[in-house]
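Analysis of the macromolecular model
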Amino acid sequence: MTAAVDSNVLSPFLREKLVYNHDAAKENNSFRNFDKCDSDSQVYNTYKQMHTFQTVDFVKESHGRWTKFDHAEMSIMEALEMLNNLVDESDPDIDLSNSFHAFQTAEGIRKEYPDEDWFQLTGLIHDLGKVMALWGAPQWSVVGDTYPVGCRPAPSVVYADSTFNDNPDFNNPKYNTKLGIYEEHCGLSKVLMSWGHDEYMYQVLKHNTCYLPEEALCVIRYHSFYPWHSSNDYGYLCDNKDQEMLRWVQNFNPFDLYTKSPVIPDVDEIRPYYERLIEKYIPGKLKW
């Protein structure tokens, strides 16, 4: 199955204008303003904990624990409803529950690409891995930007200059070089990313029945990898396939970011449409 979105049209438009609710949404340059969050803020402390406790050993342990898929059996829509109860502590932009953000993202994509239903559904489900937080996982292991562990953090990682000093890997010569435990251009599939909702949702989809194209799975897996898709870091770890897929993640990012708004879509009205997409691409109950 091959995706058909024209990436040459999408990104330039969305980086200058908001797709969803132009009147109510913020100006683009006010998004991801981490400088406004001081060291006492919830956002900063979430990243501080993340950068302290996300080690190679922690990531490997998390893979083993969460890919047993023994936490629940539920549909995509049931998982989405769970996110009514979650507010992302790492997000400096808005404090609505994540379920509303899911519909905002999907509707933004639907407005620009009414015929690309797989892309719309990707927008709806991209954050569903955050259900881990509702099963007891600390938010620093669920939300926020992701980055490779096992090598030196790039300068573009959020708060990189002040939050890694207490991480045991940071001072380990095996892990604190540019390449660390990796080989140049080994490919992101061979890289251990900091554990979070991206990787978990990717693993859930791979484990269950899913008919989304490979491009969608790549977006799910790396949409929070801002140092790569927005700051051009870590290219030395990427292979040719990663470079081909990068454009899809970059196409998706403006919808994820710039559709955030206090104005909430009419979920009751649009829900049947997305239920049909779920049945088409990710039917039935999934093991989580």
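Residues numbered from 1 in each chain as written. Predicted model: local features only at pLDDT ≥ 70, side-chain atom pairs only at ≥ 80, totals over all residues. Heavy atoms only, no water.

What about the side chain of asparagine 208?
- Topologically, asparagine 208 is positioned in the loop between helix 7 (197–207) and helix 8 (214–222).
- Relative accessible area serves as the criterion here: at 15%, asparagine 208 is assigned to the buried category.
- Other than its neighbours up to four places away in sequence, asparagine 208 contacts Lys285, Leu286 and Lys287. (Helix = DSSP H or I, 4+ residues; strand = E, 2+ residues; numbered from the N terminus. Buried < 20%, exposed > 50% of the residue type's maximum accessible area, 1.4 Å probe, protein only. Contact = heavy atoms within 4.5 Å.)

Let's talk about empty space enclosed by the protein
- What the rule picks out here adds up to three cavities of 30 Å³ or more.
- What the second largest cavity holds in volume is close to 110 Å³.
- If you go around the second largest cavity, you meet 14 residues; those closest to its centre are Cys151, Pro153, Phe164, Asn167 and Asp169.
- Tallied by class, residues from the lining of the second largest cavity come to eight nonpolar, four polar and two charged. (1 Å grid on protein atoms, 1.4 Å probe; cavity = no way out; pocket = protein on both sides within 12 Å on 5 of 7 lines; lining within 4 Å. Points joined across faces, edges and corners; volume = space filled by probe spheres on them. Nonpolar A, V, L, I, M, F, W, Y, C, P; charged D, E, K, R; others polar.)

Overview of the layout of surface pockets
- Estimated volume of the largest pocket: approximately 240 Å³.
- What lines the largest pocket is a set of 13 residues, and nearest its centre among them are Tyr202, Glu214, Cys218, Arg221 and Lys241.
- Going through the elements one at a time, helix 7, helix 8 and helix 10 (240–258) are the ones with two or more residues in the lining of the largest pocket.
- Among the elements that take part in the lining of the largest pocket, helix 8 stands out by supplying five residues, more than any other.
- Broken down by class, the residue content of the lining of the largest pocket amounts to six nonpolar, one polar and six charged.

Some points on the packing of aromatic side chains
- According to the stated counting rule, one finds 21 aromatic pairs in the structure shown.
- Between phenylalanine 119 and phenylalanine 255, the aromatic rings sit 6.1 Å apart at their centres with planes inclined by 85°, giving edge-to-face as the arrangement. You can see phenylalanine 119 sitting in helix 6 (residues 117–125) and its partner phenylalanine 255 sitting in helix 10, a full 136 residues away along the chain.
- For phenylalanine 255, a relative accessible area of 1% gives the class buried.
- Put simply, the rings of Tyr113, Trp118, Phe119, Trp248, Phe252 and Phe255 touch in pairs and so form one group of aromatic residues.
- The residue whose ring lies beneath arginine 110 is tyrosine 273, and the NZ or CZ to ring-centre distance is 3.7 Å. (Phe/Tyr/Trp six-rings, centres within 6.5 Å; stacked < 30°, edge-to-face > 60°. Lys NZ or Arg CZ within 6 Å of the ring centre and 35° of its normal.)

Observations concerning the UniProt feature "binding site: substrate" (unreviewed entry) in the protein
- Annotation from UniProt places "binding site: substrate" (unreviewed entry) at Arg32, Asp88, Glu89, Ser90, Lys130, Gly144, Asp145, His223 and Ser224.
- Structurally, aspartate 145 can be placed in the loop between helix 6 and helix 7.
- Taking relative accessible area as the criterion, aspartate 145 reaches 8% and is therefore assigned buried. (UniProt positions renumbered as here; feature names shortened; annotations may be inferred.)

Description of the UniProt feature "binding site: Fe cation" (unreviewed entry) in the protein
- Mapped onto this numbering, the UniProt entry gives "binding site: Fe cation" (unreviewed entry) at His101, His126, Asp127, His197, His223 and Asp256.
- Within the secondary structure layout, aspartate 127 lies in the loop between helix 6 and helix 7.
- By relative accessible area, which is 5% here, aspartate 127 ends up buried.
- In this structure the side chain of aspartate 127 is engaged in a polar contact, spanning 3.0 Å, whose partner is the side chain of histidine 197.
- The topology assignment puts aspartate 256 in helix 10.
- For aspartate 256, the contacting residues outside a window of four places in its chain are His101, Thr105, His126, His223 and Tyr226. (Polar contact = N/O pair within 3.5 Å; in protein donor to acceptor, adjacent residues only side chain to side chain.)

As for the pattern of salt bridges
- This model, assessed by the stated rule, comprises nine salt bridges.
- Lysine 48 is the partner of aspartate 166 in a salt bridge, and the nearest nitrogen-oxygen pair spans 3.4 Å. Of the two residues, aspartate 166 sits in the loop between helix 6 and helix 7 while lysine 48 sits in helix 2 (residues 42–53), which places them 118 residues apart along the sequence.
- Notably, a salt bridge pairs glutamate 107 with arginine 110, separated by 3.1 Å at the nearest N-O pair. Here arginine 110 and glutamate 107 lie together in helix 5 (residues 98–112), a separation of three residues that amounts to about one turn.
- Taking the relative accessible area as the measure of exposure, arginine 110 reaches 27% and is therefore partly exposed. (Salt bridge = Lys/Arg side-chain N within 4 Å of Asp/Glu carboxyl O.)

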